[in-house]
Amino acid sequence: MPLIEEPRRMNPLLRLGVAISERVTGRRMLPARLLSWYPKAAIGAGVLESLVAHHEPSTRLLKLVRVTASITANCAFCVDMNSFAHDRAGLTDEELAALNGDVSAVASFTEAERLAIEYARRISSTPLLFPAELMTQLRTSFTERELVILATTAAQVNYWARVIQSLGIPPAGFTEACRVSLDQ
């Protein structure tokens, strides 16, 4: 049960934004509805969401970063939403499950993917610690643009994880049963 009820009435512009997000996702988007209590936050979050990367550096890599950040931030809603359609992004069930544990146990991850997963874990952990060796490996494996995309993608998931968890928003049912357990 969420911490607060959604507003009975909503600004018409926000109502349109919520309707669009619900049409795109095919789910009732309680986060958007609750943010409408404070229109500036709702509009800012909408702008942030509209600027999210989808295909660069690759759909698969972004899915790995999103799910990893969701698991690390321990956000059930985020894991549910971000693991949805993982197979369309080229991830297997085995790879998805490995994101909650030892990714080195799965041979199908490339070295660049392993680095991106580690980067997302560190971006999503407190305290933020980035060993020099990791930073050197990241610079070697990714362009400056790709590093910004990876960092902002993980940071965006963390923003949503904090908002969603602090408002007590449950998973929206993107996956019938959340395939990645947060308890491991």
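Summary of the structure given here. (Residues numbered from 1 in each chain as written. Predicted model: local features only at pLDDT ≥ 70, side-chain atom pairs only at ≥ 80, totals over all residues. Heavy atoms only, no water.)

**Notes on the pattern of salt bridges**
What counts is decided by this rule: Salt bridges are identified by distance alone: a Lys or Arg side-chain nitrogen within 4 Å of an Asp or Glu carboxyl oxygen. Per the convention used, a helix needs a DSSP run of H or I reaching at least four residues, while a strand needs a run of E reaching at least two, with both numbered from the N terminus.
Following the criterion strictly, the structure yields seven salt bridges and no others. Residues Arg145 and Glu56 are paired through a salt bridge, measuring 2.5 Å at the closest nitrogen-oxygen approach. Placement of the pair is Arg145 in helix H9 (residues 144-166) and Glu56 in the loop between helix H3 (39-50) and helix H4 (59-72), with a sequence separation of 89 residues. One salt-bridge network, held together by shared partners, links Glu6, Glu22, Arg28 and Arg33.

**Brief notes about the packing of aromatic side chains**
Given two aromatic rings, their pairing is described by the distance between the two centres and the angle made by the two planes. In plain terms, the rule: Classification of ring pairs rests on two measures: the distance between centres of Phe, Tyr or Trp rings, Trp counted by its six-membered ring, which must be within 6.5 Å, and the angle between planes, read as stacked under 30 degrees, edge-to-face over 60 and tilted in between. Three exposure classes are used, based on accessible area relative to the maximum for each residue type with a 1.4 Å probe and protein chains only: buried under 20%, partly exposed in between, and exposed over 50%. A ring is considered to have a charge above it if a Lys NZ or an Arg CZ atom is located within 6 Å of its centre and within 35 degrees of its normal.
In total, this model carries four aromatic pairs according to the counting rule given. Plain terms: the ring middles of Tyr159 and Trp160 are 5.2 Å apart, the flat faces sit at 70° to each other, and that makes the pair edge-to-face. With a relative accessible area of 30%, Tyr159 lands in the partly exposed category. By the ring-pair criterion, three or more aromatic residues cluster together here, those being Phe77, Phe84 and Phe174. Just above the ring of Phe84 sits the side chain of Arg27; from NZ or CZ to the centre is 5.8 Å.

**Focus: the packing of H4 against H9**
Definition in use: Fitting a line to C-alpha atoms yields each axis, with helices limited to the stretch in contact; the angle taken between N-to-C directions then spans 0 to 180 degrees. The crossing is said to be left-handed when, going from far helix to near helix, the turn is anticlockwise and less than a right angle, and right-handed when the turn is clockwise. Any two residues whose heavy atoms approach within 4.5 Å are treated as being in contact. The classification used treats Ala, Val, Leu, Ile, Met, Phe, Trp, Tyr, Cys and Pro as nonpolar, Asp, Glu, Lys and Arg as charged, and all other residues, Gly among them, as polar.
Interaxial distance between H4 and H9 falls to 9 Å at its minimum, and their mutual angle equals 35°. Handedness of the crossing formed by H4 with H9: right-handed. Of the residues in H9, those touching H4 at Leu61, Leu62, Val65, Arg66, Ala69 and Ser70 are Ile149, Leu150, Thr153, Ala154, Val157 and Asn158. For the contact of H4 with H9, the per-class residue count stands at eight nonpolar, three polar and one charged.

**Structural notes on the nonpolar core**
Condition: The criterion is simple. A nonpolar core is a set of buried Ala, Val, Leu, Ile, Met, Phe, Trp, Tyr and Cys residues joined through side-chain atoms within 4.5 Å.
Membership of the largest hydrophobic core comes to 28 residues, with the highest contact counts inside it found for Leu64, Leu99, Phe109, Leu138, Phe142 and Leu150. Listing elements by their share of this core, those giving two or more residues are H4, helix H6 (93-98), helix H7 (111-123), helix H8 (132-141) and H9. Leaving out residues up to four positions away in the same chain, Phe109 has contacts with Arg60, Leu64, Glu95, Ala98, Leu99, Val103, Arg114 and Ile117. If you look at the next biggest cluster of nonpolar residues, it comprises 20 residues, including Met10, Met29, Ala45 and Ile169.

**Notes on a nonpolar patch on the surface**
What counts here: Patch rule: a residue counts if its relative accessible area is over 30% and it has no salt bridge; like charges are joined within 9 Å, and nonpolar side chains (Val, Leu, Ile, Met, Phe, Trp, Tyr) within 5 Å. The method behind every accessible area is Shrake-Rupley, applied with a 1.4 Å probe, and residues are considered shielded solely by the protein chains displayed.
A cluster of nonpolar side chains, namely Leu13, Leu16, Ile20, Val24, Ile43, Val47 and Leu51, defines an oily patch on the protein surface of about 720 Å² accessible area. For the nonpolar patch, the secondary-structure elements that each account for two or more residues are helix H1 (12-25) and H3. In terms of residues, the nonpolar patch owes the most to one element, H1, which gives four residues.

Distances and angles like these do not, on their own, reveal function.
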